[in-house]
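# Structure assessment
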Amino acid sequence: MPITIDTKKAESASVEETLATLQTTADGLDGQTARARLDEYGPNRLPEDRRSGWRRLLHYFWGPIPGMIEAAAVLSALVRHWADLVIIVLLLLFNAAVGFWQEYKASSALDALKQQLAMKARVRRDGQWQAIDAAELVPGDVVSVKLGDIVPADIKLVAGDYLSVDQSALTGESLAVQRRRSEVIYSGSIARQGQMQGVVYATGAHTYLGRTAQLVQKAGAPSHFQKAVLSIGDYLIYISLALVIVLVGIELMRGLPWLELVQFALILTVASIPVAMPAVLSVTMALGALNLSKDKAIVSRLESIEEMAGVDVLCSDKTGTLTRNQLTLGETQLFGVDSAEWLLRDAAMASEADNPDAIDSAVFAAVADGRVPEGYTLDHFVPFDPVSKRSLGAWQTPQGGTREAAKGAPQVMLDLAGVDAETRQRAQAWIDAQAERGYRTLGVAHREDAGAWVFDGMLALFDPPREDSARTIAEARAHGIEVKMITGDNQAIGRELAGQVGIGRNILAANQVFGADGAAPADLAERIDAADGFAQVFPEHKYGIVKALQAAGHQVAMTGDGVNDAPALKQADVGVAVSGATEAARAAASLILTAPGLSTVVKAVEEARRIFERMNAYAVYRITETIRIMVFVVLAMLAYNIYPITAVMIILLAFFNDVPIMTIAYDRTALDPKPVRWDMRRVLSAATAMGLTGTIGSFLMLYVAIDYLHLPTPKVQTYIFLKMAVAGHLTLFVSRTRGAYWRKPWPAPVMLWSAIVTKVAATLLCAWGLGLVARISWAEIGLIWGYSLVWSLLTDWVKRVVYRHLEHVAPRHREFLRTLQHPFHAYVGARRRRS
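What comes next concerns the included structure. (Residues numbered from 1 in each chain as written. Predicted model: local features only at pLDDT ≥ 70, side-chain atom pairs only at ≥ 80, totals over all residues. Heavy atoms only, no water.)

Here 6 bridges tie strand β1 (residues 120–125) to strand β2 (residues 128–133), and the two strands are oriented antiparallel to one another. Across the sheet, residue arginine 122 finds its bridge partner in β2, namely alanine 131. Adjacent in sequence and paired antiparallel, β1 and β2 are bridged by 2 residues, among which aspartate 126 carries a positive phi angle near 55°. Relative to strand β3 (residues 142–146), β1 runs antiparallel, the two being bridged by 3 bridges. Bridging across to β3, valine 123 finds its partner in valine 143. (Pairing = 2+ DSSP bridges. Helix = DSSP H or I, 4+ residues; strand = E, 2+ residues; numbered from the N terminus.)

Laid out in structure tokens, this is it:
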């Protein structure tokens, strides 16, 4: 019989009643029962609106562009141009097939990324704790939820002290709420403090989140790059339609048959509009993201690839990213206990044996037998959190008494024990001495039978830098990325490590930058921009650092791993969740690392820049081709009153040009040594210059064919068709690089061979005719090929001249903008000081 329990019943029922209803125990389910329930209830995920393959395919036959192609087909049938009709129908099927295939590849790549981003849950099955995909949870599972976890299902809490939960996304409550045994927590909430165990009573669409899914639906906002490219598409459509309207109006006055003219105009418009743009963009970004995942960097938002390519400041945390996160104990300093053995024992009692972090592991490694002495029984444990900066274990002693042990930041332990000024001064001197050597310090305290806290002493901890940190930071600087270190450790520790890895020694304490009251000084952006890093940082400081750097004009990447890092990760242009980050940090980040170290971030930036260059090359090529084809055809018809190219030829050109451009997602690109950002001025300038150069080349070919060679119109049309087919592919090669197109990086084999095959097909068509074009001789073909190659060299030269000019003008343009911005910043600063 199906097990059902709603939220109201779960809230009012006791723990025992809930376990009985779910036919489970506090020890969880066995594997066989869990598998049977998974088959019965389905995976623990919200239902997705997935269209069938047929619906997705039919979508490509509906819309403005397919409609224009279909209208052209109908007009071809009406004027009895059967060859045109066949070719147009083939174009329609080709566009649908290519769009469907590209969508399939993009969705497959995204599905692969989602698999790697799958949320994990810690569940008790067959009497053992194990980590599984949260999607495999079923009602009756017993799970553990701790600081930083995203609650994986609706859960009734059955064991533990307390859990502080942020459920603002679900209920609108702005403050975290405290939950204890017998209370419920909802799927999608974030655990802010504490650790508890609970039993799953609802999964998937049956959860509170599933029933109110509209609260968490997200509208994917297009990135700056997508907006820019889509605006280019709109611009090209308007230009094409304006030219077509002018053409149709004038040619109708000249007496051309209106059906034939409208059919030609429709086909010309379709060929000029960037039909493949959505497919090219989505596939380029999706396949690029898949490549990033192979480098242990998983993109959670495709749009973040653009921001990644433009990052010029990387704020890196220290532990585990710049260091190995393999702590070893050094010296000990005793205060309230007689021996290091007692100091280590209390430190172990304040550590978690089942799920130890790096500090806990170092403590247990130093304790005799690697565990707490026999006879002590754990009563409850409060894990470390970044707000209280301590962990605590409460134990029953062999004599029947109680002993509580706490460990954490030395200042927190000193305050907990309420030591006198002399003890505090002696402790601080030892802390400073260890910090000068790059050692972290850990304070330990205890109390017996709920008496006064005693400050036991301190442990020195050393976390050596990673072998690749210095090299990676040097590589980042070579790529135009400034690395700033952010750590919660002592300022002296941060300065020592930053000096060792090559970041610099200008490490500021956060309270020196923001002030003791957290207020931001007027020159905050300048001070943060000039610093090499920051120490004694709290999570709220990270957010302020990101905001200040962005205010100074930087594009910022920020690394983080904790639940309290989420605001800074969201605010950053690229939030990076480091390896081992909490689920909350992973949810807030746009880049998730699955391997430790900073080198993964640098690799991700490199790959993002390559992806950006591919999309940038596509934008340049698409604008160039529209100008080259549309402007030439319209002006040629107005000048010579003939069709310089037939409707069938335009359709064939669309075939031949679309195949190679679809491979741009796999192209090899140069790695820009500096951060790259969308520059519409540069793209439009280069594309317009190249397009006009191509238009002049086509006009010159038309002039030679008509006025010099006196060829009949069908042959003239074949000349122009072959010239535009060959030159179109050469334009693609010219567009993909800012340097000479015959130099490295050379095109990817798939792009090169697709261009060669389609060029050969166009050449053979012109040589054989096949009833579609007028035949021309091999000598004429050789002439057109030679002419196109020479003109491509001229186009490439024009492109390089434009880029050199823009690079020369750009610094002066930026300086001019800075002079405009300076009075504004001064005015804002003055207003802030007065207020």
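Let us keep going from here.
Counting 124 residues, the largest nonpolar core has Leu268, Met308, Leu591 and Phe721 as the members making the most contacts within it. Once you skip the residues sitting within four places of it in the chain, methionine 308 turns out to touch Leu292, Val299, Val574, Leu591, Ala604, Val605 and Ala608. Val513, Val537, Ala568 and Ala581 belong to the second largest nonpolar core, which has 29 residues in total. (Core = buried A, V, L, I, M, F, W, Y, C linked by side-chain atoms within 4.5 Å. Buried < 20%, exposed > 50% of the residue type's maximum accessible area, 1.4 Å probe, protein only. Contact = heavy atoms within 4.5 Å.)

Turning our eyes to something else, we now look at the pattern of salt bridges. The final tally for this structure, using the stated rule, is 29 salt bridges. Arginine 124 is the partner of aspartate 27 in a salt bridge, and the nearest nitrogen-oxygen pair spans 2.6 Å. One end of the pair, aspartate 27, is in the loop between α2 (15–21) and α3 (31–41); the other, arginine 124, is in strand β1, and 97 residues separate them in sequence. With relative accessibility at 38%, the residue aspartate 27 sits in the partly exposed group. Note on arginine 124: relative accessible area 19%, which makes it buried. The partner of glutamate 404 in a salt bridge is arginine 447, and the shortest N-O contact between them spans 2.8 Å. Highlighted residues: glutamate 404 in strand β13 (residues 402–408) and arginine 447 in strand β14 (residues 440–448), separated in sequence by 43 residues. (Salt bridge = Lys/Arg side-chain N within 4 Å of Asp/Glu carboxyl O.)

The next thing to look at is the side chain of threonine 323. Within the secondary structure layout, threonine 323 lies in the loop between β9 (313–317) and β10 (328–334). Taking the relative accessible area as the measure of exposure, threonine 323 reaches 0% and is therefore buried. Within polar-contact distance, the side chain of threonine 323 engages the side chain of aspartate 463 at 2.5 Å. (Polar contact = N/O pair within 3.5 Å; in protein donor to acceptor, adjacent residues only side chain to side chain.)

Our next topic: the side chain of arginine 440. Position of arginine 440 among the secondary structure elements: in strand β14. The buried category is assigned to arginine 440, whose relative accessible area is 16%. At a separation of 3.3 Å, a polar atom in the side chain of arginine 440 contacts the side chain of aspartate 489. When sequence neighbours within four positions are dropped, the list of residues in contact with arginine 440 reads Lys318, Thr319, Leu327, Ile359, Leu459, Ala460, Leu461, Asp489 and Ile493.

The interhelical angle for the contact between helix α24 (residues 599–640) and helix α27 (residues 713–735), taken along N-to-C directions, is 155°, at an axis separation of 9 Å. By the angle between their axes, α24 is roughly antiparallel relative to α27. The interaxial crossing formed by α24 with α27 has right-handed handedness. Two secondary-structure elements touch here, α24 through Ala617, Val620, Tyr621, Thr624, Glu625, Arg628, Ile629 and Phe632 and α27 through Ile720, Lys723, Met724, Ala727, Gly728, Thr731, Leu732 and Ser735. Considered class by class, the residues forming the contact of α24 with α27 number 9 nonpolar, 4 polar and 3 charged. (Axes fitted to C-alpha atoms, helices over the stretch in contact; angles between N-to-C directions. Parallel < 35°, antiparallel > 145°, perpendicular 65-115°, else oblique. Left-handed = near helix turned anticlockwise from the far one by under 90°. Nonpolar A, V, L, I, M, F, W, Y, C, P; charged D, E, K, R; others polar.)

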